[in-house]
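Commentary on secondary and tertiary structure
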Amino acid sequence: MLKEFMIHTPREGFIDITSQVADLLRQNQGEKNLCQVFVSHTTAGVTINENADPDVIKDMLLALNHMVPELDYQHSEGNSRAHVKASMIGSSVTIPILNGSLHLGTWQGIYFCEFDGPRKRKVCVTIL
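Residues numbered from 1 in each chain as written. Predicted model: local features only at pLDDT ≥ 70, side-chain atom pairs only at ≥ 80, totals over all residues. Heavy atoms only, no water.

1. As for the nonpolar core
Inside soluble globular proteins, nonpolar side chains tend to come together where they are buried. Judged by nonpolar contacts, the single largest core of 21 residues is most densely connected at Ile 17, Val 21, Val 37 and Val 125. For this core, the secondary-structure elements that each account for two or more residues are strand 1 (2-9), helix 1 (18-27), strand 3 (34-39), strand 4 (44-50), strand 5 (92-98), strand 7 (108-114) and strand 8 (119-127). Broken down by element, the residue count for this core peaks at four residues, all from helix 1. For Val 125, the contacting residues outside a window of four places in its chain are Met 1, Leu 2, Lys 3, Phe 5, Val 21, Leu 24, Cys 35, Gln 36 and Val 37. (Core = buried A, V, L, I, M, F, W, Y, C linked by side-chain atoms within 4.5 Å. Buried < 20%, exposed > 50% of the residue type's maximum accessible area, 1.4 Å probe, protein only. Helix = DSSP H or I, 4+ residues; strand = E, 2+ residues; numbered from the N terminus. Contact = heavy atoms within 4.5 Å.)

Below is the structure:
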């Protein structure tokens, strides 16, 4: 099963999409083993990290901004930093499914990572 959903990102940052992915999983009937979340954008990504303390995602963005500083990049659109951060984070994650649910750790959530917002973005979820 392959499903897509749209999100509107207000600005650069991390958006918890765990519930949207879990909702798509619940809609799928039959045996399920894996869930893949894929982002088809070159200035956005997806990751799994702690969703209990909001300071974790703030710190992640702070660290990425430190690792990818403002420089005289060559890309004419002016969003090279977003492309670099998206490549560092990656465009997909795979989550095992156990007893019909996402088998995430106690403190884990799935985050859409926006590096060039605001934008209208698409998230692709494949359940195998």
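2. Describing the layout of surface pockets
In this model, the largest pocket occupies a volume close to 170 Å³. For the largest pocket, the lining is made up of 13 residues, of which Glu 70, Gly 78, Asn 79, Ser 80 and Arg 81 are closest to its centre. Of the residues assigned to the lining of the largest pocket, the class counts are four nonpolar, four polar and five charged. (1 Å grid on protein atoms, 1.4 Å probe; cavity = no way out; pocket = protein on both sides within 12 Å on 5 of 7 lines; lining within 4 Å. Points joined across faces, edges and corners; volume = space filled by probe spheres on them. Nonpolar A, V, L, I, M, F, W, Y, C, P; charged D, E, K, R; others polar.)

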